[in-house]
Amino acid sequence: MSISICNVFAIDLGEQIILFDCGNGESLDQIDANLRAWDLDPGAIAYCFITHPHFDHSGGASLLQKRGVKLVAHTICAEAIGRGDERVCSYLYHKPYHPCETDLFLRDEDRLKIGDLSIEAIYMPGHAEGSMVYSFSWRERMVSVTGDLVAESGSLGWSGSIDFNPKAYIRSLKRFVQMKPDIILPGHRRPAFSRGYIWAEQALNRRDYDMG
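Residues numbered from 1 in each chain as written. Predicted model: local features only at pLDDT ≥ 70, side-chain atom pairs only at ≥ 80, totals over all residues. Heavy atoms only, no water.

(A) Spotlight on the nonpolar core. Within the largest apolar cluster, 23 residues are counted, with the highest numbers of intra-cluster contacts made by C48, I50 and L64. Elements with a contribution of two residues or more to this core: β2 (17–20), α1 (28–37), β3 (45–49), α3 (61–66), β4 (70–74) and α4 (75–83). At three residues, the largest contribution of residues to this core is made by α1. Residues in contact with C48, not counting those within four places in the same chain, are L19, D21, C22, L64, V69, K70, L71 and V72. (Core = buried A, V, L, I, M, F, W, Y, C linked by side-chain atoms within 4.5 Å. Buried < 20%, exposed > 50% of the residue type's maximum accessible area, 1.4 Å probe, protein only. Helix = DSSP H or I, 4+ residues; strand = E, 2+ residues; numbered from the N terminus. Contact = heavy atoms within 4.5 Å.)

Take a look at the structure:
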């Protein structure tokens, strides 16, 4: 089986860089190369916000931590990546998962200010326990990093994880619609650069899952 990778987003704050998710570990060299292509120094990465514990989103966390990068996650996500148990789903890829300890723990509606950027953590379970959406204002637009909550044209995340919860998923989608994000940076596929909330509305109209 090929190794799946996720989208990794970087915010340049001048003296430091924030990452959202970190890929599976094997993609870290590509992340570094992409940063350099934008004249950004991978050594300036100071924080990595993890949306949820699945291998393709958090497998590179231990490597970043060895560089001195601080890991940020929901407490449940932090527990999963600290144990490296079945919740990280490494069995899908037949690859070992390297557990690591999270540096900063966030709960629902916590805010963390880094430089001039204030990031709000919104707990959005369903796809996996410990899933977070990270939202912030950027150039007067609301940006939401959604992990696998929702993606292009309302596509939904994988439903096969051990802690997938369809009822929690629909509650999270309903809550997300009310947030009215302008820009969605999803875990997979392309971003939405305007009226991102439409993707959440489209997701609510899907019946791929028995949402109970």
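(B) Quick look at the pairing of strand β7 (residues 117–123). Burial of β7 is extensive: five of the seven residues sit out of reach of the surface. Direction of pairing for strand β6 (residues 110–114) relative to β7: antiparallel, over a ladder of five bridges. From the neighbouring strand, I114 faces β7, where its bridge partner is L117. Linkage of β6 to β7, two consecutive antiparallel strands, is achieved through a turn of two residues, within which G115 is found at a positive phi near 60 degrees. Alignment of β7 against strand β8 (residues 132–138), held across four bridges, turns out to be antiparallel. From the neighbouring strand, E120 faces β8, where its bridge partner is S135. (Pairing = 2+ DSSP bridges.)

(C) Molecular detail of the packing of aromatic side chains. Throughout the structure, instances matching the rule amount to seven aromatic pairs. Ring geometry for F20 against F49: centres 5.4 Å apart, planes inclined by 35 degrees, an arrangement best described as tilted. With F20 in strand β2 and F49 in strand β3, this pair connects stretches of sequence that are 29 residues apart. As far as burial versus exposure is concerned, F20 and F49 are alike and both buried. Among the aromatic residues, those joined into a cluster by ring pairs are F20, F49, Y134 and F136. (Phe/Tyr/Trp six-rings, centres within 6.5 Å; stacked < 30°, edge-to-face > 60°.)

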